[in-house]
Amino acid sequence: MAKNTLNPTLSQTFRILHDEEAPGKDINFGRALARSRRAEEEGRWEEACNIRLEAMQALAELLPEEEPVELDWEDRTTREALTVAYYSAVDHFLVGDMEMAAAALEMVLDADSDDHLEATTLLAFVYVAMGEWECFDDIVSDLGDKSPERSLLLLWSDFERNGRIYGPELATLARYHKPYLREWCATSHPADGHYLADIASEHPTKEARARELWLQTEHLWSAHPEFVEALRKEQA
């Protein structure tokens with residue numbers, strides 16, 4: 001018997017059971033998550049990424065290939081496995097490995113249909129970056145109708161496909177998510193003390209949330225500067 005096994009529940013989901021007494025070297029997902037966080041806090045970024053990658057691959061090997069299974073988010077070990085896999089996807093996204101990011105995010109979503117980690121939003125950014133339009137169109141409706149991410153993604157995807165800034169969607173962004181439009185049109189996005197205090201507060205402002213999203217996706221705009229330039233020109 002392996003250390004990690006999938007165990008069915010009465011609610012037709014599965015929990016990951018980690019048995020320390022069983023033979024083998026299967027990863028303890030909770031410890032992997034804690035180790036990766038500790039390594040990151042200590043500035044050992046590559047080590048943190050490698051820990052998460054190994055854990056993500058272990059989860060992929062544990063899940064059946066034939067059809068998706070729903071994992072029980074309420075179970076701590078299972079939740080830790082999904083979480084560390086999601087953060088491995090974030091690692092790949094940040095270094096521009098969109099194919100690995102997409103694969104990891106798709107796995108997480110297949111196993112957690114309620115999307116507790118909000119993987120859909122990140123996956124939508126990945127699909128636009130990859131030009132996977134059918135995949136993007138399939139999931140963009142799953143984003144909240146009033147979310148700033150949805151408006152930005154619809155603007156960006158339309159620009160990449162049609163080479164334009166779509167006026168009605170720009171109007172939606174300007175009307176409902178003005179701090180995000182200002183952030184995307186700004187020429188400076190400092191992660192200064194004011195921003196750090198704001199985003200760490202119990203109720204961050206919309207301006208801080210907009211800055212956070214820009215910083216999280218900044219590498220995309222470095223790779224696709226034409227979209228930001230067109231957006232700024234439209235607002236000039």
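The paragraphs below set out a description of the structure included in this document. (Residues numbered from 1 in each chain as written. Predicted model: local features only at pLDDT ≥ 70, side-chain atom pairs only at ≥ 80, totals over all residues. Heavy atoms only, no water.)

1. Describing the overall build of the chain
Defined as follows: Each helix is a run of H or I in the DSSP string that is no shorter than four residues. Each strand is a run of E no shorter than two, and both are numbered from the N terminus. Put simply, the radius of gyration uses C-alpha atoms, and a globule should come to 2.2 Å times the residue count raised to 0.38. For the exposure calls, accessible area comes from a 1.4 Å probe over protein chains only, and a residue counts as buried if that area is under 20% of its type's maximum, exposed if over 50%, partly exposed in between. Any two residues whose heavy atoms approach within 4.5 Å at even a single point are treated as in contact. Per-residue and other accessible areas were derived by the Shrake-Rupley procedure at a 1.4 Å probe size, with only the shown protein chains allowed to occlude residues.
Along its length, the chain carries 12 helices and two strands. Sequence-ordered secondary structure for the chain, helices as α and strands as β, is β-β-α-α-α-α-α-α-α-α-α-α-α-α. For 236 residues, the compact-globule formula gives about 18 Å, and the C-alpha radius of gyration of the chain, at 20 Å, lands near that figure. Dimensions of the chain, computed from C-alpha atoms along their principal axes, come out at roughly 65 × 40 × 30 Å. Looking at the chain as a whole, 44% of its 236 residues qualify as buried. Contacts spanning at least 24 positions in sequence make up 58% of the contacts within the chain whose residues lie at least 6 apart. Within the structure as shown, the chain displays about 13,100 Å² of accessible surface, and the carbon and sulfur contribution to it stands at 47%.

2. Some thoughts on the packing of aromatic side chains
Our working rule: Only Phe, Tyr and Trp rings take part, Trp by its six-membered ring, and two of them pair if their centres are within 6.5 Å. Stacked means planes under 30 degrees apart, edge-to-face means over 60, and tilted covers everything else.
Within the structure shown, the criterion is met by seven aromatic pairs. For the pair Trp 184 and Trp 221, a centre-to-centre distance of 6.0 Å together with 75 degrees between the ring planes defines the contact as edge-to-face. Here the residue Trp 184 occupies a position in helix α9 (residues 178-185), and Trp 221 occupies one in helix α11 (residues 206-223), the gap between them amounting to 37 residues. Put simply, the rings of Phe 125, Trp 156, Phe 159, Trp 184, Trp 214, Trp 221 and Phe 227 touch in pairs and so form one group of aromatic residues.

3. Considerations on unusual backbone geometry
Even without being glycine, Gln 12 reaches a positive phi, approximately 65 degrees. Mapping Gln 12 onto the fold places it in the loop between β1 (4-8) and β2 (14-18). A positive phi is found at Asp 115, a non-glycine position, where the angle reads about 55 degrees. By the element assignment, Asp 115 lies in the loop between α4 (98-111) and α5 (119-130). The buried category is assigned to Asp 115, whose relative accessible area is 17%.

4. Describing the side chain of Glu 183
Inspection of the secondary structure assignment puts Glu 183 in helix α9. Each residue touching Glu 183, except ones within four places of it in the same chain, is listed here: Ser 188, His 189, Glu 207, Ala 210, Arg 211 and Trp 214.

5. Some points on the pattern of salt bridges
Applied cut-off: What counts as a salt bridge is simple: a side-chain nitrogen of Lys or Arg found within 4 Å of a carboxyl oxygen of Asp or Glu.
Throughout the structure, instances matching the rule amount to 11 salt bridges. For the salt bridge of Glu 183 with Arg 211, the shortest nitrogen-to-oxygen distance reads 2.5 Å. Placement of Glu 183 in helix α9 and of Arg 211 in helix α11 is noted, with a sequence separation of 28 residues between them. The exposure class assigned to Glu 183 is buried, which follows from its relative accessible area of 7%. By relative accessible area, Arg 211 is classed as buried at 17%.

6. A few points about the layout of surface pockets
For clarity, the threshold we go by: In the cavity and pocket records, a cavity denotes points on a 1 Å grid over the protein atoms alone where a 1.4 Å probe fits but cannot get out, a pocket denotes an open set with protein on both sides within 12 Å along at least 5 of 7 lines, and lining residues are residues with an atom within 4 Å of a point. Grid points are joined across faces, edges and corners, and a volume is the space filled by probe spheres set on the points. Under the scheme applied here, ten amino acids are nonpolar (Ala, Val, Leu, Ile, Met, Phe, Trp, Tyr, Cys and Pro), four are charged (Asp, Glu, Lys and Arg), and all others, including Gly, are polar.
By volume, the largest pocket amounts to about 1,000 Å³. In terms of lining residues, the largest pocket is bounded by 32 residues, among which Tyr 86, Val 90, Leu 117, Leu 122 and Gln 216 are the most central. Counting residues per element, the ones that place at least two in the lining of the largest pocket are α1 (29-41), α2 (45-62), α3 (76-94), α5 and α11. At six residues, α3 tops the list of elements feeding residues into the lining of the largest pocket. A breakdown of the residues in the lining of the largest pocket according to their chemical character gives 14 nonpolar, seven polar and 11 charged.

7. What to know about α5
The test is simple: Between the first and last residue of a helix there are one fewer steps than residues, each counted as 1.5 Å, and that sum is the expected span.
Here α5 is 12 residues long and its end C-alpha atoms lie 16 Å apart, about the 16 Å a rise of 1.5 Å per residue gives. The element α5 is extensively covered by neighbouring structure, given that nine of its 12 residues are classed as buried. Positive backbone phi, approximately 70 degrees, marks Gly 131, located one or two places after α5.

8. Quick look at the pairing of β2
Inclusion rule: Strands qualify as paired when DSSP identifies two bridges or more between them.
Sheet topology note: the β1/β2 ladder contains five bridges and is antiparallel. In the sheet register, Thr 5 faces β2, and the bridge partner there is Leu 17. Linking two consecutive strands that pair antiparallel, namely β1 and β2, is a turn of five residues; a positive phi of about 65 degrees is found at Gln 12 within it.

Everything listed here is a matter of geometry and, on its own, says nothing about what the molecule does.
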